[in-house]
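Spelled out, the chains give:
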Amino acid sequence: MKQTALSRVLFVGAHPDDETVMAGGTLAMLTARGVTVTVLCATDGRGGEDGGVPEAATLEGRARVRERELRCAADALGVQEVILLGYVDPPIGPDETLYPFTDDEETLIAQIAAIIRQTRAQVILTHGSDGEYGHPAHAQVHRAVLGAVRQSAPEVWVYGVAGHLPDVEDRLWNVSDPAHLALDITPWFEAKHAAMLCHRTQHALFKRRRHLRTVREAVRTLETFHRHHPPAPIDALPDDPFAATLLAAGAWQPLHSR
């Protein structure tokens, strides 16, 4: 594929906060470099925690609050556009059972394909093949993005977040997706932290998972990516506009010394 300058990126996530937790530093880096970034969120987030926020006590209220949180986070990251598909986010079941959000993936694929055309995205960032920690909704979005690209936009590059980074423990890693590239997002830490502060209904969750005291401590400073489309050998440097932009920002190949 012909190398071109990166100008338009689409992040496709399952829930409000996925854009920030998984790739907030990278999105802030991209927007700071003049890249137009759109965030597409599949669900309304009502299945998440209410965080003790009074307006989020009901499921309908939580959906409204989480949309506001998402738009706040997008502003903090410099994201130009937020699109919500509005799927109802299923509540967490017994023993923290997680669920996909639709049984009609063909419609989801068609919706994502339409937004790829609308945004004229060159690169899509989305969930990894394992759904990070095994979340079925994340894995569903991953499948739908690849389906949309293969059917309607084969020229678009697709990267999954949370590529597995050797020798670094993190419950988010997609162990099936070794990272092609890793970026230390410390230069964009404050933007990512500000975006995480926007997601106030999820603050207790951010801290509880890793036994932390503050949201600031929960900000991951390593963001990693695996290229899914077109597939790339893991021992080769991907040749595409996203990879070139990450490398210019200080990214490295985890299988090689920094």
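Above this note sits the structure.
Starting from 1, residues in each chain are numbered consecutively following that chain's sequence as written. In keeping with the model being predicted, local features are shown solely for residues with a pLDDT of at least 70 and side-chain atom pairs are shown and tallied solely at 80 or more, while totals for entire chains, interfaces and linings include all residues. Here the side-chain values reflect all heavy atoms present in the structure, with hydrogen atoms and water set aside.

Undergrad: Even after reading the chapter, I still don't get the side chain of His193, so can you show me in this structure?
TA: Helix and strand definitions here come from DSSP, where helices need a minimum of 4 consecutive H or I residues and strands a minimum of 2 consecutive E residues; each element is numbered from the N-terminal end. Within the element layout of this structure, His193 appears in helix α6 (residues 189-198). A distance of 3.1 Å separates polar atoms of two side chains, one belonging to His193 and the other to Arg216. In protein, a polar contact means a hydrogen-donor-capable atom and an acceptor-capable atom, both N or O and within 3.5 Å, with residues adjacent in sequence counting only if both atoms are side-chain atoms; elsewhere, any N or O pair within 3.5 Å suffices.

Undergrad: When you look at empty space enclosed by the protein in this model, what are you seeing that I'm missing?
TA: Here the idea is plain: a probe the size of a water molecule rolls over the atoms and shows the empty space left. Residues are said to line a cavity or pocket when one of their atoms sits within 4 Å of a point; the points come from a 1 Å grid over protein atoms alone, cavities being sets where a 1.4 Å probe fits but cannot get out and pockets being open sets with protein on both sides within 12 Å along at least five of seven lines. Grid points are joined across faces, edges and corners, and a volume is the space filled by probe spheres set on the points. All chains considered together, the criterion is met by one cavity of 30 Å³ or more. Forming the boundary of the largest cavity are Val21, Met22, Ala162, Asp170, Leu172, Trp173, Lys192, Arg220, Leu222, Glu223 and Thr224. At the level of elements, α1 (18-32) and β9 (222-229) are the ones that each hand at least two residues to the lining of the largest cavity. Per-element accounting of the lining of the largest cavity gives the leading share, three residues, to β9.

Undergrad: Looking at this structure, how should I read the layout of surface pockets?
TA: Its boundaries defined by the atoms lining it, the largest pocket holds a volume of some 600 Å³. Asp17, Tyr133, His135, Leu205 and Arg209 are the residues nearest the centre of the largest pocket, which is lined by 33 residues in total. Listed by contribution, the elements that provide at least two residues to the lining of the largest pocket are α1, α6 and α7 (203-209). In terms of residues, the lining of the largest pocket owes the most to one element, α7, which gives four residues. In this classification, the charged set is Asp, Glu, Lys and Arg, the nonpolar set is Ala, Val, Leu, Ile, Met, Phe, Trp, Tyr, Cys and Pro, and all remaining amino acids, among them Gly, are polar. Partitioning the lining of the largest pocket into residue classes produces 14 nonpolar, seven polar and twelve charged.

Undergrad: Whenever I open this one, unusual backbone geometry confuses me. Can you help?
TA: Excluding glycine, residues mostly have negative phi values, and the peptide bonds linking residues are mostly trans. With an omega dihedral of -15 degrees, the bond running from His229 to Pro230 counts as a cis peptide bond. Considering the arrangement of structural elements, one finds Pro230 in the loop between β9 and α8 (241-248). Phi at Asp95 takes a positive value of approximately 55 degrees, unusual for a residue other than glycine. Tracing the backbone through its elements, the reader meets Asp95 in the loop between β3 (81-87) and α3 (105-119). Phi at Ala162 is positive, roughly 55 degrees, even though this residue is not glycine. Structurally, Ala162 can be placed in the loop between β5 (157-161) and β6 (163-164).

Undergrad: Would you take a moment to explain the sheet that holds strand β4 (residues 123-126) for this structure?
TA: What links the strands of a sheet is backbone hydrogen bonding, and the strands pair in either a parallel or an antiparallel sense. When DSSP finds two or more bridges between a pair of strands, those strands are recorded as paired. The strand order β3-β2-β1-β4-β5-β9-β8 describes an open sheet built from seven strands, whose pairing is mixed. Because the sheet does not close on itself, it has two edges, and the strands there are β3 and β8 (181-184). Here the strands of the sheet are splayed against their neighbours by 25 degrees on average, with no regard to which way each runs. Inspection of the sheet shows strand β1 (residues 8-13) paired to β4 by four bridges, in the parallel sense. Bridge pairing in β4 links Phe11 to Leu125. Throughout, a contact is declared for two residues whenever any of their heavy atoms are within 4.5 Å. The axes are straight lines fitted to the C-alpha atoms, using for helices just the contacting stretch, and the angles between their N-to-C directions are given from 0 to 180°. With respect to the sheet, helix α2 (residues 59-77) is in contact with β2 (36-43) and β3, its orientation differing from that of β3 by roughly 155 degrees. Lying on the sheet, helix α5 (residues 136-152) is in contact with β1, β2, β4, β5 and β9; it crosses β9 at an angle near 45 degrees.

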